[in-house]
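One-letter residues, chain by chain:
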Amino acid sequence: MELTDADLVARVLVDDDQHAFGELVRRHQSTVRGLLRQLTRTDLALADDLSQETFLRAYRNIRSFRGEARFSTWLYRIAYNSFREDARRRKEFLGIDEQQLQAEQDPHVSDPGLKHDLMHALSLLPLHERSAILLCCQNGLSHSEAARVLDIPLGTVKTNVLRGREKLKRTLAAWGPT
Amino acid sequence: MNEMSQEDPVDRQLREAAPYIDDNGFTARVLQQLPAPRRTRRSLRGAILLAATLLASALAYLASDGGRFVVVAMERLSTLPALWLFALAFGSGILVMTVGVIAAFAKASELQS
């Protein structure tokens, strides 16, 4: 029988079982790295550095995981905080979106398919809408879970998801009805 | 899950567009950076406790004229009626079990919190 995330966390807490923690990393590395790749706008090296930082922080602070939320939600919160702190350090957190949006709206970018267009359109969204879309629409978090991860009011999350989704639909309108 | 009862097509496409990222040594790199397991610190604590116990026992043995008080206590016990001995053993068992149960509950509530 496969152990649940809660079982593995208990093993880490009681026995400091690093193999159990390794299993948690293996289970969640793809979603955490995927989230950070989107947040960092596909800067793979930075995303992987932040992903490592996320899991190391998770290990150091695993006693603060209360089990009220899913382990993945708790990880997303750490990942988002790592990203935000790094962005602040780089002084890119505010004001970068519009600038980068202009740079990325290069008419020579090739569009090999709907998936590519969708991910490209996603990367063009402002950070607050992109984060909400990534958590709620791509990773299946509820609005209230995303509000906890992003540390913003529930209503703001709902608005950001709605706006982001509408923008994506408009961008993809050329592909016909979605 | 989301509060929306019907999945939006954009959500479905987003999920399908998200690729699975192969581990490619990522987990190993994370594990390499973890601090040393607490087990070493725990075994050091065990060794200190064992050494302190041995030292205290040796001191008690020397200070009590070769453990004479143990012989006296055993002699007294052997003169007790069988029922008293049974009650003493039973009471000791209950006491140890109670302490064990309390410790187990304390550990369980610590893990749950």
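Relevant structure appears above.
Residues numbered from 1 in each chain as written. Chains lettered and ligands numbered in written order. Predicted model: local features only at pLDDT ≥ 70, side-chain atom pairs only at ≥ 80, totals over all residues. Heavy atoms only, no water.

Draft legend 1. Representation of the overall build of chain A. A count of helices and strands for chain A gives 9 helices and 0 strands. Helices and strands in chain A line up, N terminus first, as α-α-α-α-α-α-α-α-α. Relative to its full complement of 178 residues, chain A shows a buried share of 53%. Pairs at least 24 residues apart make up 59% of the contacts formed inside chain A by residues separated by at least 6 positions. Of the roughly 8,800 Å² that chain A leaves accessible, carbon and sulfur atoms contribute 51%. (Helix = DSSP H or I, 4+ residues; strand = E, 2+ residues; numbered from the N terminus. Buried < 20%, exposed > 50% of the residue type's maximum accessible area, 1.4 Å probe, protein only. Contact = heavy atoms within 4.5 Å. Areas by Shrake-Rupley, 256 points an atom, 1.4 Å probe, with all protein chains shown as cover.)

Draft legend 2. Inspection of a nonpolar patch on the surface at higher detail. Among the surface-exposed residues, Leu-83, Phe-86, Phe-90, Ile-94, Met-97, Val-101 and Phe-105 of chain B lie close enough to one another that they form a single nonpolar patch of about 810 Å² accessible area. Following the sequence through the fold, Phe-90 of chain B ends up in helix α5 (residues 82-112). (Patch = residues over 30% accessible without salt bridge, like charges linked within 9 Å, V, L, I, M, F, W, Y side chains within 5 Å. Salt bridge = Lys/Arg side-chain N within 4 Å of Asp/Glu carboxyl O.)

Draft legend 3. Just the interface of chain A and chain B, in detail. Across the boundary between the two partners, chain A contributes 42 residues, which contact 36 residues of chain B. For the pairing of chain A and chain B, the buried interface totals around 3,700 Å² over both sides, and the portion due to carbon and sulfur atoms is 57%. Of the charged contacts in the structure, one is a salt bridge between Arg-165 of chain A and Asp-11 of chain B, with a shortest N-O distance of 3.0 Å. For the pair chain A and chain B, the number of links is 10 residue pairs in polar contact (both at pLDDT 80 or more). Among the elements of the structure, α1 (5-15), α2 (18-39), α3 (44-60), α6 (114-124), α7 (127-138), α8 (143-150) and α9 (154-171) of chain A are those that each provide at least two residues to the side of chain A that touches chain B. Residues of the side of chain A that touches chain B, tallied by class, amount to 18 nonpolar, 13 polar and 11 charged. (Buried area = accessible area lost by both parts, 1.4 Å probe. Polar contact = N/O pair within 3.5 Å; in protein donor to acceptor, adjacent residues only side chain to side chain. Nonpolar A, V, L, I, M, F, W, Y, C, P; charged D, E, K, R; others polar.)

Draft legend 4. Up close: the pattern of salt bridges. Residue and element names in this part refer to chain A. Using the criterion set out here, one finds 17 salt bridges over all chains in the structure. The partner of Glu-53 in a salt bridge is Arg-57, and the shortest N-O contact between them spans 3.0 Å. Pair noted here: Glu-53 and Arg-57 are both in helix α3, with a separation of 4 residues, about one helical turn. Between Arg-70 and Glu-145 there is a salt bridge, with its nearest N and O atoms 2.9 Å apart. A residue pair is termed long-range when its members are at least 10 positions apart, and Arg-70 in the loop between α3 and α4 (71-89) and Glu-145 in helix α8 qualify at 75 residues.

Draft legend 5. Representation of helix α1 (residues 9-17) of chain B. All names here are of chain B. Every buried residue belonging to α1 is among Val-10, Asp-11, Gln-13, Leu-14 and Ala-17, and all of these are buried. The buried side chains of α1 occupy one side of the element, clustering within an arc of 165° when seen end-on. If you check the start of α1, you find a side-chain oxygen 2.9 Å away from the backbone N of Val-10, and it comes from Asp-8. (Arc of directions from axis to C-beta.)

Geometric values such as these leave the question of function open.
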